[in-house]
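The chain contents come next:
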Amino acid sequence: MVSNADVPAAPPRSRWWSGLVLAVLASAVAAGEPVLPGTDYDPAIPPLHAVVRHGFGEDITAPADLTRYLEALAAAAPERTRLVEYARSWQGRPLHYLVIGSRDDVARLDAIRAGIRRLADPRGADEAELDRLVDTLPAVVWLAHGVHGDEVSSPEAALVTAYHLLAARDPLVASWLDETLVVIDPSQNPDGRARFVHHYQASRGLVPQPSPIAAERSQGWPGGRFNHYLFDMNRDWFALTQPEVRGRVRAFLDYYPLVHVDLHEMGTDSSYYFPPPAVPWNPHLTEPQRAMLDTFGRGNAAAFDRAGYRYFTGEVYDAYYPGYGDTWPALQGSAGMTFEMASARGLLGQRSDGSLVSYRDGVRRHVTASLATIATAAAERDRLLHEFLAYRRGPGDRTVFFLPRRRDPGRVDALAALLRDQGIDVRRMGSPGRYCGEALPAGSYAVAAAQPAGRLATTLLAAQSPADPQFWAEQERRAAKRLPVEVYDVVGWSLPLLHDVEVLSCDAAVAGLPRMDDEPPSGALSLDDGAVAYLVPWGERASARLLARALRAGLTVRAATEPFEHAGRRYPRGSLILPATGEGVADRLAGLAGATGATVSAALESWTGEGIDLGSEHVSTLRQPHVALAWDTPTEPTSAGAWRYVLERKLDYPVAPVRIRDLDSAWLDQFDVLVLPASSGYAGVLSEEAVANLQRWVRRGGTLIAVADAVEFLATLETPLLDTAPEWRVADGAAEPAAAVDGTGDAGAPAEPAATTGEDDGRGPVPGVVLDAGTVAEAVRPEEERPPAVPGVLVHAEVDPDHWLGAGLPARLPLMLTGDRIFTPLALDKGTNVLRFAAADQLTAGGRLWDGAAAQLAFKPAVVAQPTGRGLVIGFVVDPAFRGVMDGLDILVANAVFLATGSAGPVPVPPPLDRR
Ligand SMILES: [Zn+2]
């Protein structure tokens, strides 16, 4: 045990800390005491038990109590803290950060933030001023906790860390705060934590039960990991779909922390993880950043070695995908880090070797890692600031990305705003211009790689962010041996592909263009007293929002099932026709156009220039569909949540989540549309009665939408609802893509691979063969196995131009492909393959696909539609709601939900144009 008397006052900016701090930390975590023993704490700063009903590490602090404690700390030390609410969760809970610094630094906080932002954009700055800032600014260390709400120990550690920094009468702490400004976000996901705390309090008994099957440690669906819309917010940093993340990014850009730590929990059997991370690394992280992570890792390692804590580095957690709470900050120039603690998932957990891990163990280790990190940052303040400035001078790359404002201008504007909102310098062309050999319309956007956030911009805008070729070679080798691929998340994430927005890139100079600072222009409306109808072109996201709102408002809305031209404008299939008759229709439409950004034009006559007239029988009146979404076990929470998010927040349309166990109910008849989200577990959970009910409901006119694995479930029922079949993997290098297409597989099993030989199925001896290096791989190949699993690659799909489900879509568009599902195409007499994967050599849009996977995927269905009775089954092999980020597919979702319920019922295949 080390008392404060042993700790000398340290001169700032030296390496004095290494031995002594670690000794203190080691003692801090000796048995029994959650707060550092031997420390003299100022009684004016309240410990946790003085504010809530328990002490540090004794119980899982509920979100409201976390807030109360932060407020108590801020009130007790107003001159050394600043408490800021930075966002509200969907469920209305506040999200806070607490700034802790020296009196001087907190007093000049605004000047510090302005100085950091100056460093973050050094363009045109006076070099002497930059030098002065580097000499005088503290290193901001941002500690972010609990983004996954059931990883409960880190928010508790946040409270201990904050208390220690404020209450310890310790020259060591004071010297850290001379060099650093610490920002503590105790709970990035209060809705998820609230869900966990409620579950925990309801399940526990007299003493903590460490068994993995004790109810208190085994959460019900959906678990506390996710926020209200069941998003994993540790994937959302560049997509910014969730208010918690949007607020976080705004706060980040206020400080540009030099060190950003995201504190998590992992599996109970594990130990503790801190950087350096595993490969692959995002190619836009620099060598100095790698060396810096090594320095922080060594600082943590020394503290953990002294304390006798096990840890590992360089495995599992890579730094490739830019949507993590470590990689995104790193791409802004921070030392971005993830810490992971073995989870007790409650107060006490049992490992498979019988040993125990406690909540308090987690708190101690997180506090140890946090304080060691602050100590390292204090020692490395100079280097952190110098390297941050060097990073923010941008890459030496003359590439400029252009977003032409055409096709769906609203979606282009939204993408430009998304880039701007994460601190990327976006320029807008005030007039038409010629770039990359093309004439671009006024309002198009330009993003230069040569800017402070240029590396982030490049990884988000380029189709590919290549990883080390050696890494991929190793993964190919592993894949050939059927070992899991060692990449933690998706390998394709280019935003123009996710949003299906056109992007061009070339060397160019655009510094003279004005910055995009204001909001993009919204929709246009031409009203006219003499109008017979108002027209809305289909295919723009704003049009889908307008449709949703118009239906909710009770307006009559018709949709054209054939294209037409009116007043010189082309209206694709699906375009909306709203009768002008009725009280105040024009005013209500004006309001909807303003709110949604949709383009609405008055039609003075029903006679059109080309295509159908407005009164054609190829115009159907849309009903206001009642939409249900299967909810609860066994659906994948992120798929169920993303569908709910897309329908409710992107399309602005209400949806009723319905529990799986209620799908056998006659009440299903109240709904027109039912979405079965991704889940591999329907077969074991949906009862025979529920399946029969679904089949009856579809035949009577329901639209059943199946997503990912749900397609397989419907295809393998005894009486299949989709006449497709999952495929087995074809032999490696089998160049004959049709070999696996059979479609006669037994119900319940993937289609037989045509390549199966199996001449002798007996159990006795078989004729011997001589193997050599060329044939041994084939000899060990399993006869029946799933196609290669894809970690998340953006692939091209082609749209059937004749089916209404593709209305308003371009001929080709990108999809996010994950998993190991490949299905046989629907035969022409069964239904339509509305979207199919592109040819093998044109398949990959962003990321990397194994060659074998591409050959087998080519031309296979991505979206199928099969009429059954008066109803329709739509199968999405890929999830169009993926993470709520596939903006280009919102129209596809809108088609499935709104167009299928026209008053005439679904229109399976419209008559060909030449019949007219
Ligand atoms: Zn986590």
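## A look at the overall build of the protein chain
And then number 1: Summing up its helical and strand segments, the protein chain has 26 helices and 36 strands in all.
And then number 2: Relative to the compact-globule value of 29 Å for 916 residues, the protein chain shows a C-alpha radius of gyration of 29 Å, a close match.
And then number 3: If you line up the protein chain on its principal axes, its C-alpha atoms span 95 × 80 × 55 Å.
And then number 4: In the protein chain, of all internal contacts separated by at least 6 residues, the share reaching a separation of at least 24 is 79%.
And then number 5: If you average the places of the 85 positive and of the 114 negative side-chain charges in the protein chain, the two averages end up 4 Å apart.

## Topic: the coordination of the zinc ion
And then number 1: His148 (ND1), Glu151 (OE), Glu151 (OE) and His264 (ND1) make up the full set of protein donors to the zinc ion, lying at 2.1 to 2.3 Å.
And then number 2: Each of the 4 donor atoms around the zinc ion contributes to a set of angles spanning 58 to 156 degrees, which defines the coordination as irregular.
And then number 3: Motif for the zinc ion, donor spacing along one chain: H-x2-E-x112-H. Highlighted residues: His148 in the loop between β3 (139-145) and α6 (153-167) and His264 in strand β5 (residues 259-266), separated in sequence by 116 residues.
And then number 4: With a relative accessible area of 1%, His264 lands in the buried category.

## Side note on the confidence of the model for the protein chain
And then number 1: Here the protein chain shows a mean pLDDT of 91. Residues at 70 or above account for 91%.
And then number 2: Confidence drops under pLDDT 50 across residues 753-758; counting only partners more than four residues distant or on other chains, this segment forms 6 contacts.
And then number 3: Here residues 903-916 is modelled with pLDDT under 50, and outside its nearest four sequence neighbours on either side it reaches 20 contacts, counting other chains as well.

## Side note on the packing of aromatic side chains
And then number 1: Across all of its chains, the model carries 38 aromatic pairs by this definition.
And then number 2: Here the aromatic rings of Tyr272 and Phe339 are separated by 6.3 Å at their centres, their planes lie at 55 degrees, and the arrangement is tilted. One end of the pair, Tyr272, is in strand β6 (residues 272-273); the other, Phe339, is in strand β9 (residues 335-342), with 67 residues separating them in the sequence. When sorted by exposure, Tyr272 lands in the same class as Phe339, which is buried.

## A look at the pairing of strand β7 (residues 278-281)
And then number 1: The pairing of β7 with strand β8 (residues 318-319) spans 2 bridges and is parallel. Looking across to β8, one finds that Ala278 is bridged to Asp318.
And then number 2: Once you follow β7 into helix α10 (residues 287-307) and on to β8, the crossover reads as left-handed.

About the cut-offs
Each chain carries its own residue numbering, running from 1 in the direction its sequence is written. Per-residue local features of the predicted model are confined to residues with pLDDT of at least 70, and side-chain atom pairs are confined, for both listing and counting, to 80 or more; whole-chain, interface and lining totals are unaffected and use all residues. Processing note: side-chain calculations cover all non-hydrogen atoms of the structure and skip hydrogens and water entirely. Counting from the N terminus, the helices are the DSSP runs of H or I reaching at least four residues and the strands are the DSSP runs of E reaching at least two. Radius of gyration here is computed from C-alpha atoms only, and the compact-globule reference equals 2.2 Å multiplied by the residue count raised to the power 0.38. Whether two residues are in contact is decided by their heavy atoms, any of which lying within 4.5 Å being enough. In this tally, Asp and Glu contribute negative charge and Lys and Arg positive charge; neither His nor the terminal groups of the chain are included. By convention, the charge on Lys lies at NZ, on Arg at CZ, on Asp at CG and on Glu at CD. Think of the donor list as every N, O and S atom within 2.8 Å of the metal, or within 3.2 Å for Na, K and Ca; water never makes the list, so a site can look incomplete. All geometry calls rest on donor angles, where a four-donor set with angles between 85 and 135 degrees is tetrahedral, four- and six-donor sets with opposite donors more than 155 degrees apart and all others between 65 and 115 are square planar and octahedral, and all else is irregular. A 1.4 Å probe rolled over the protein chains alone gives each residue an accessible area, and that area as a share of the maximum for its type sets the label: buried under 20%, exposed over 50%, partly exposed in between. pLDDT expresses how confident the predictor is about each individual residue, on a scale running from 0 to 100. Aromatic pairs are defined between Phe, Tyr and Trp rings, using the six-membered ring for Trp, whenever the two ring centres lie within 6.5 Å; interplanar angles under 30 degrees are classed as stacked, those over 60 as edge-to-face, and all others as tilted. Strands qualify as paired when DSSP identifies two bridges or more between them. Handedness of a crossover is defined as follows: orient the strands so they point away from the viewer, and if the path from the first strand over the helix to the second runs clockwise, the crossover is right-handed.

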